[in-house]
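Reading the structure
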Amino acid sequence: MTARWLPLVKVAAFCAVGVVCGLLVANTLSVPVRGATDGYAAVFTDVEGLHVGNPVTLSGVRVGRVAAIEVAGAADGTRTAVVRFEVASAHRLDGEVTAAVRYADMLGARYLALTPPAVPSGRPLEPGATIPVERTTPPVDLTALMNGFAPLFDAVDPGRVNTLSRAFVETFAGRGAAVSTLLDGIATLGTDLVDRRAVFEELTANTSALLASLDDRQPQLEELLAGLRQLTAATAGSDAEVAAVLDHGDRAVAALAGTLSRSEASIGGAVTDATAVTGEWIANTDPFERFLAGMPRFADGVNRISRYGGFVSLYLCTFVVKAGDVEADLFGSTHSEVCR
């Protein structure tokens, strides 16, 4: 009899343990408030991220939970969010208390923070009363805020950006002391930007000049782009011809290289001879200049002597130019009967 009921007892015990664990999880997630509670309400323009069950704190101490969130319409057509919350009866709220939706962590969790006035008003907030929208603060859009700082982060030192980011995290995690660090980081970043003001001004001026130049040359730019488009289209349409030209050019270059390789000795000798000739010319520059200067007078004398009726006849048989060991016969080796 005992052995037959043993499996049932085990199943019942397992189910009991599962129910207890489920109750513990539900109790943890629902964040219940122990003891008697009083209900209040607060009107917000926005409560994005706030959910039923989120904690309610008073001066940083958890005193209640969010009970409900409703949408209410106003006479002017606008809509507001009404947050109903519960606070332990042991904690009395001041009549001038303010409410704000704040970040519980960087994962997006929110909580409702109640802050009493610096100077107590002397009258309590009665249970069931509503905190007006004038004394409430909606949540900060952290994503939009960080995106707004993106240009600033791009222009400064990464180490200081990390310090500023940590200050943001600590500030929106509910650590009020981190606000001073946050402000110091923003001041430091602002100082860096001021120090680089000349660079930014020069960059802006250069960019303006560049854009003005481009605007003045808009027709030329359009013509250039049109020409490039036509060239690209022609090249794309004649890819076979381009490939053939490249192929033939390769063979032509190879043939030229072979010719130069075979004629290396001759080319070297020609270059050496040319160097010798120019060297002789350079060394005899002054005599050559005097020779050229005397040529007109020499020609005039020859003309006078060779005139009709003259007594002397001059016949030029050959003309040899010599530079060092190199000489050249301008008229060749064939002579007339007179010169033989």
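Quick summary incoming for the structure in this document. (Residues numbered from 1 in each chain as written. Predicted model: local features only at pLDDT ≥ 70, side-chain atom pairs only at ≥ 80, totals over all residues. Heavy atoms only, no water.)

**Brief notes about the overall build of the protein**
Summing up its helical and strand segments, the protein has 10 helices and 10 strands in all. Within the protein, the proportion of its 340 residues that are buried is 18%. Sequence separation of at least 24 residues holds for 58% of the intrachain contacts in the protein that already meet a minimum separation of 6. Summing over all exposed atoms, the protein offers an accessible surface of approximately 23900 Å²; the carbon and sulfur share of this is 63%. (Helix = DSSP H or I, 4+ residues; strand = E, 2+ residues; numbered from the N terminus. Buried < 20%, exposed > 50% of the residue type's maximum accessible area, 1.4 Å probe, protein only. Contact = heavy atoms within 4.5 Å. Areas by Shrake-Rupley, 256 points an atom, 1.4 Å probe, with all protein chains shown as cover.)

**Brief notes about the nonpolar core**
Core analysis: the biggest nonpolar cluster contains 21 residues, and Phe44, Phe85, Leu93, Leu112, Leu114 and Ile131 have the highest contact counts within it. Mapped onto this core, the elements with two or more residues apiece are β1 (37-44), β2 (55-58), β3 (61-73), β4 (79-88), β5 (98-103) and β6 (110-115). Ranked by residue count, the leading element in this core is β4, at four residues. Apart from the residues lying within four places of it in its own chain, the contact partners of Phe44 are Thr80, Ala81, Val83, Ala99, Ala100, Val101, Leu112, Val133, Thr136, Thr137 and Pro138. (Core = buried A, V, L, I, M, F, W, Y, C linked by side-chain atoms within 4.5 Å.)

**A look at the packing of aromatic side chains**
Summed over the entire model, instances satisfying the criterion amount to one aromatic pair. An angle of 25° between the planes, with centres 5.9 Å apart, marks the rings of Tyr40 and Phe85 as stacked. Taken together, the positions of Tyr40 in strand β1 and Phe85 in strand β4 put the pair 45 residues apart, joining distant regions of the chain. Just above the ring of Tyr103 sits the side chain of Arg110; from NZ or CZ to the centre is 4.2 Å. (Phe/Tyr/Trp six-rings, centres within 6.5 Å; stacked < 30°, edge-to-face > 60°. Lys NZ or Arg CZ within 6 Å of the ring centre and 35° of its normal.)

**Considering the side chain of Arg110**
Position of Arg110 relative to the elements: it lies in strand β6. No salt bridge is formed by the buried Arg110. Its closest oppositely charged neighbour is Glu48, at 5.3 Å. Within the structure, the side chain of Arg110 is placed 3.5 Å from the side chain of Tyr103, a separation counted as a polar contact. Among residues more than four places away in sequence, those in contact with Arg110 are Glu48, Gly49, Leu50, Asn54, Pro55, Val101, Arg102, Tyr103, Ala104 and Pro139. (Lys, Arg positive; Asp, Glu negative; His and termini not counted. Salt bridge = Lys/Arg side-chain N within 4 Å of Asp/Glu carboxyl O. Polar contact = N/O pair within 3.5 Å; in protein donor to acceptor, adjacent residues only side chain to side chain.)

**Regarding the sheet that holds β4**
As a general point, the strands of a sheet are linked pairwise by backbone hydrogen bonds and lie either parallel or antiparallel. Strand order in the open sheet formed by eight strands is β7-β1-β4-β3-β2-β6-β5-β8, with mixed pairing between adjacent strands. Only two strands of the sheet have a single neighbouring strand rather than two, namely β7 (130-131) and β8 (136-137). Pairing geometry for β5 and β6, over six bridges, is antiparallel. Directly across from Val101, in β6, lies its bridge partner Leu112. (Pairing = 2+ DSSP bridges.)

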